[in-house]
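Inside the fold
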Amino acid sequence: MRGGVVDAVLMRIADIQLTFPSILVALLVDGVVRAALPREVHDQIALFVVIFAIGISEWPKFARTVRGSTLVERNKEYVLAARVIGLSRLRIMATHVLPNVLGPVLVVATLNLSLAILAEATLSFLGVGVPPTEPSLGTLIRIGNDFLFSGEWWITIFPGLALVMMVLSVNLLGDWLRDALNPKLR
Amino acid sequence: MPDTAPDMLAVEDLARYFDVSRPWLQRVLVREPRRTLRAVDGISFAVPRGTTLSLVGESGCGKSTVARLVVGLYRPTEGRVLFDGLDLDQARATAEQRRRMQMIFQDPYASLNPRWRVRDIIAEPLRAFGLVQGRADQQARVAELLNQVGLSPLDGEKFPHEFSGGQRQRISIARALSSNPEFLVCDEPTSALDVSVQAQILNLMKELQRRLGLTYLFISHNLAVVRQVSDRIGVMYLGRLVELAPAETLFTAPRHPYTRALMEAIPDLEMSGRQRIPVGGEVPSPISPPPGCPFHPRCPLANDRCRIEPPALIPARGTPQTVTACHAVEEGRDHPGEAIPGLAPAAA
Amino acid sequence: MNSPTRRGTLVALHDISFSIAPGEVLGVVGESGAGKSMTGAAIIGLLEPPGRIAGGEIRLNGRRIDNLPYEQMRRIRGREIGAIFQDPLTTLNPLHTVGDQLIETMQTHMDLSAREARARAVGWLEMVGIPAAAQRVQSYPHEFSGGMRQRVVIALALCAEPKLIVADEPTTALDVSIQAQVIALLKRLAREKGTSMMLITHDMGVIAETADRVAVMYAGRIAEIGPVREVVKHPRHPYSVGLMASIPPLDRRVEQLAQIEGSMPRLSAIPPGCPFNPRCPRVFDRCLVERPELLEAGGTRAACWLYDEARPAPGMHEAADA
C-alpha cells in the first residue's frame, strides 16, 4: 500500500511527541529559536515564534483525528462509488473525504484553539512568550500576580476573567459551527 | 442477441488474496508468519449481455470481493476479468469506457455522501464523464433520472438523510443509471431494506433491465430474492464456486451438497410442517481453509478423496447444464432429489 | 400479561395489548421502526431514557412488573425473564469466561453451590450444542464463532430457568445455515422447559417456523394478531396482506412482486385515523378520521375498519379474505 511508510513514520513521531506535555514542547521550540536568533531579531518576530511553537506542540492531536476519520470515511460506500466511476484520488479526497472529516476536526480545532490561547498565556506568564512590550493577557496576569498580596487583586482578576470568557466563547462557537455545517441538523 | 458478440463480463480463474498479517513489529516479536486470506480462490464464470448472473453464499464466501474485483476496486491476485472482451485495465482506460459499468451498494446509509444534495450526487457521474453540457442540461437529466426511479425532481434539492432506506436505494440506482451504463454490479442491493420495500426495489430493477437492456451481476445471500431476478446462479463457498446453473435448474435440481443444505436451511413460509434438517458445523476460516474440497468437514457425503483432492467445476451427471465442483456428484453417489441421509447431525 | 405502552412526547407505542400463555411462542413481526424492539425492551424493563412507559401495565404471572423499583426488576430479569439480543457480543462480557458468566447468573438467581453451578454451566453448554463443553466453559466470548456465541447467549438466557424469554432478532446476525440451527435449538428448549417466548424479528420465515401466534406491528401499533397459520396464510389486515405478498417466494419465480407503495411514516408524522391509511389499497373515509381498535376478523383480530360488523365499510358486507 502506498503511503504506508509515510503514515507509519509520521504517526510514530506523533506518538512520541504525545508522551511529552505540549507546553513542554512549546517551551523547547521557543527556547531553540531564542538560542538560534540574535535578541533584536527575535523580539521582532516573537509573536510568530510563539504561534509556531504552539502549532508544533499541538499538531499530533490534529493528525490523529484527521487520520482516524479519513480511515473511516475512505472505506465508506460513497467513496467506493466515486472510485468506480474513476475519479482521481485527489478529487475524491477534496470533494468526498475532506468535507466529511471536517466535522471531527472542527471539534478538535475549537478545543485546541482555547488550549492554544491558554498556552500563549502560560508562555507569557512564564516570561518566554511575546516580549513585555506586546500586550498579552498572560503578561498582564503575571504582572498582576506580583501585586496580588498588596491588595491590587483587580490587575490579575480582570485579565483572568477575560481569558475564561474568551475560551468559553471559542468553545461555544465551535459547537455552533459544527452544527451549522451538518446538513442533518439544518 | 448476436451470438458472435463477446459476453458482457467474463471472469477467468480469478483469485484475490489479502494479507491479514499483524503489523511487522508484532510479527517479529511473537514470531508469527505472514497470514493470507484467500477471499476469492480461482473462480470462472461469464455473464451474457442482457442477462442476470447472481452469486449467492454466506458471509465470508467472497461474493462481495468478486463484485469489487469486477469493477476494478481491487486488483486480482491471479486470473483476469474481461469486460466486453477486453481486459479490465483496457476496458477502464477511458472515461467513455468506464461509463459503461456502474455499481450499486448494500448500505443505503453509507453509499450517499451525507454532505451532498441529491441532485449533486446523481450528477457526479454526469460531470465526471462529460455527459451534459451546461447547468440546464444537467438539471433536466437529473430530473429525468429521478422520475425514472419513481422519485420527484423536487427531491433533488434534499439531502440523503431526509429519505428512507428504500428511497435512498432509489437515489443510488438513479446515480448508477446516470452514465447510461450497460452493466450493473449490485452488491446486496436489498439486504438492508424491509421486505415490502425490497419488493419495490426488485421490481424497479427488473423493469429497468427490460427497458434499458441492462446486464446485472447480482450479489446476495438471500436465495428467494435471487430466484426472482436471476437467469443463472452461482453458489460460492469459501472463495470458490461450488455450483453454477440456470436459475430454474438450481432450484428444481440442486446438486452440490452445500447448495442442497442451503435450500434446506431456509425457513419455510408454506408451513408444510416439514422438519428442516439444518446443516451442522460452521464455515471454516478462509485463512486456513481445509484441504481438498472446502466443504468436506460439513459434508455427509465426504470420503477420503474429498479430504485430499480439490474437486473441479465440471458438468453434473444428469443435469449437464449445471456445473458443480463435487466428487460425490461426479461419482454418482449423491442421490439427487432425495434427502441426503444424515445431512449433518446438527446440535438441535 | 398485558402491556399498553406509551412514550413521552413522541408516542412510539400505542395501546399494545397482548398476552403470552405458558409454553407459548408469540412472534412479533414488523418493519424497522414499527416498535417491536421497544415493546420487548419495555417488558424486560430496559427502555432507554428518555423513553418511558406513559400508560398501561405489564403483568408477569398476574403480578404487575412495569412499576417495580430498579432493584426488584433487576432480580426479575434473568430469574423470571430472560433476554436474547441480536448481537451476542453486546450481551456477553468480554472480560469473563462464558463459564463464569453462566455461574454468576445462576448463583445470583438460584441457591446453588459453586460446584453445582459449574456442573450446570457445562450441562447448559452441552444442551445448546457446544462441542467439548467441559473445556469450552473456560473460554472467553471472543474465542467462539458468531453462531456459537449466540448459543452461549441462549444458554445464559435460559440457565436461571426463566418463565419468559424475550428474543429480539436472535438470528438476524447469523448466516442462513447457522440460523436454522439456532431456531431449532430455541424451539426445542422452549418446548422442553415450558418457557414462554416473545420472538421479535422481521423475518416472516422464522416466525412461520417457530411461533404459535403472531402479532404484526405497524407504526407502533398492533395491526393484526392471531394464530400463526391464519396470519401467514390468510392475513386479514391490508398491511399484513401486503407484507405477506411482498415476501419473495422460494419455490417459484414471479414476474412482478406485490409491493406496498410508499414507506412507513416516521414517529413524528403518523397520520390521524389509521396509521396505514396513506398506503392502504382499501382505504375509505372512516380510516382517515377514526383510529381502528383490534376487531374480530374471523380467525385473527385486526385493527381495521373493514372488519367492523356494527358499521360495515361501504360496498362490502362481510370481510373478504385476501
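This part is about the overall build of chain C. On a plain count of helices and strands, chain C comes out with twelve helices and ten strands. Since a compact globule built from 322 residues should have a radius of gyration of about 20 Å, the 21 Å found for chain C is in line with a globular shape. When the backbone C-alpha atoms are referred to their principal axes, chain C occupies close to 70 × 50 × 30 Å. Taking all contacts inside chain C whose residues are at least 6 apart in sequence as the whole, residues at least 24 apart take part in 62%. Carbon and sulfur atoms provide 51% of the accessible area of chain C, an area that totals close to 13,900 Å². Of note, chain C has its 36 positive side-chain charges centred 3 Å away from the centre of its 36 negative side-chain charges.

A few words on the overall build of chain B. Summing up its helical and strand segments, chain B has 13 helices and twelve strands in all. For chain B, the C-alpha atoms occupy an extent of roughly 70 × 60 × 45 Å along the three principal directions. Per-residue burial for chain B yields a buried fraction of 56% across its 348 residues. When contacts within chain B are restricted to residue pairs at least 6 apart in sequence, long-range pairs at least 24 apart make up 66% of them.

Residues and elements named next belong to chain B. Strands sit in the order β6-β7-β8-β3-β9-β10-β12-β11 across an open sheet of eight strands; the sheet is mixed. One side of each edge strand has no neighbouring strand; the edge strands of this open sheet are β6 (101–104) and β11 (314–315). One ladder, built from five bridges, connects strand β3 (residues 52–56) with strand β8 (residues 215–220); its direction is parallel. The partner of Val56 across the bridge, within β8, is Ser220. Most of the contacts of helix α7 (residues 165–177) go to β6, to which it runs at about 170 degrees, and overall it touches β6 and β7 (183–187).

This part is about the packing of aromatic side chains. Residue and element names in this part refer to chain B. Going through the model one piece at a time under the given rule, you end up with nine aromatic pairs over all chains. A ring pair is formed by Phe18 and Tyr74, whose centres lie 5.2 Å apart and whose planes are at 75 degrees; its orientation type is edge-to-face. Separated by 56 residues along the polypeptide, Phe18 in strand β1 (residues 9–19) and Tyr74 in the loop between α2 (63–70) and β4 (78–83) bring together distant segments of the chain. Here Tyr74 falls in the partly exposed class, since its relative accessible area comes to 24%. The interplanar angle of 65 degrees and the centroid separation of 5.2 Å between the aromatic rings of Tyr258 and Phe295 together place this pair among those described as edge-to-face. Remark: Phe295 occurs in the loop between α11 (257–265) and α12 (304–308) and Tyr258 occurs in helix α11; sequence separation between them is 37 residues.

Moving on: the confidence of the model for chain C. Residues and elements named next belong to chain C. For chain C, per-residue confidence averages 84 on the pLDDT scale, and 93% of positions sit at 70 or higher. Per-element confidence in chain C is highest for strand β7 (residues 213–218), whose mean pLDDT is 94, and lowest for helix α3 (residues 88–91), whose mean pLDDT is 75. Below a pLDDT of 50 lies the segment residues 317–322, which in the model reaches seven contacts outside its immediate sequence neighbourhood of four places, other chains included.

What follows is about the domain arrangement of chain C. How big an interface is tends to be stated in terms of accessible area lost as the parts join. All names here are of chain C. Looking at chain C, the domain boundaries give domain 1 (25–211) and domain 2 (216–307). The straight-line distance from the C-alpha centre of domain 1 to that of domain 2 is 30 Å. At the junction of the two partners, domain 1 supplies 15 residues and domain 2 supplies 15 residues. Counting the surface domain 1 buries against domain 2, the share from its top three residues, Glu31, Ala34 and Met204, is 48%. Across the domain 1-domain 2 interface, the total number found is zero salt bridges. Where domain 1 packs against domain 2, one counts three residue pairs in polar contact (both at pLDDT 80 or more).

Conventions used here
Residues numbered from 1 in each chain as written. Chains lettered and ligands numbered in written order. Predicted model: local features only at pLDDT ≥ 70, side-chain atom pairs only at ≥ 80, totals over all residues. Heavy atoms only, no water. Helix = DSSP H or I, 4+ residues; strand = E, 2+ residues; numbered from the N terminus. Rg over C-alpha atoms; globule rule 2.2 N^0.38 Å. Contact = heavy atoms within 4.5 Å. Areas by Shrake-Rupley, 256 points an atom, 1.4 Å probe, with all protein chains shown as cover. Lys, Arg positive; Asp, Glu negative; His and termini not counted. Charge placed at Lys NZ, Arg CZ, Asp CG, Glu CD. Buried < 20%, exposed > 50% of the residue type's maximum accessible area, 1.4 Å probe, protein only. Pairing = 2+ DSSP bridges. Axes fitted to C-alpha atoms, helices over the stretch in contact; angles between N-to-C directions. Phe/Tyr/Trp six-rings, centres within 6.5 Å; stacked < 30°, edge-to-face > 60°. pLDDT = per-residue confidence, 0-100. Domains from an automatic or database assignment. Buried area = accessible area lost by both parts, 1.4 Å probe. Salt bridge = Lys/Arg side-chain N within 4 Å of Asp/Glu carboxyl O. Polar contact = N/O pair within 3.5 Å; in protein donor to acceptor, adjacent residues only side chain to side chain.

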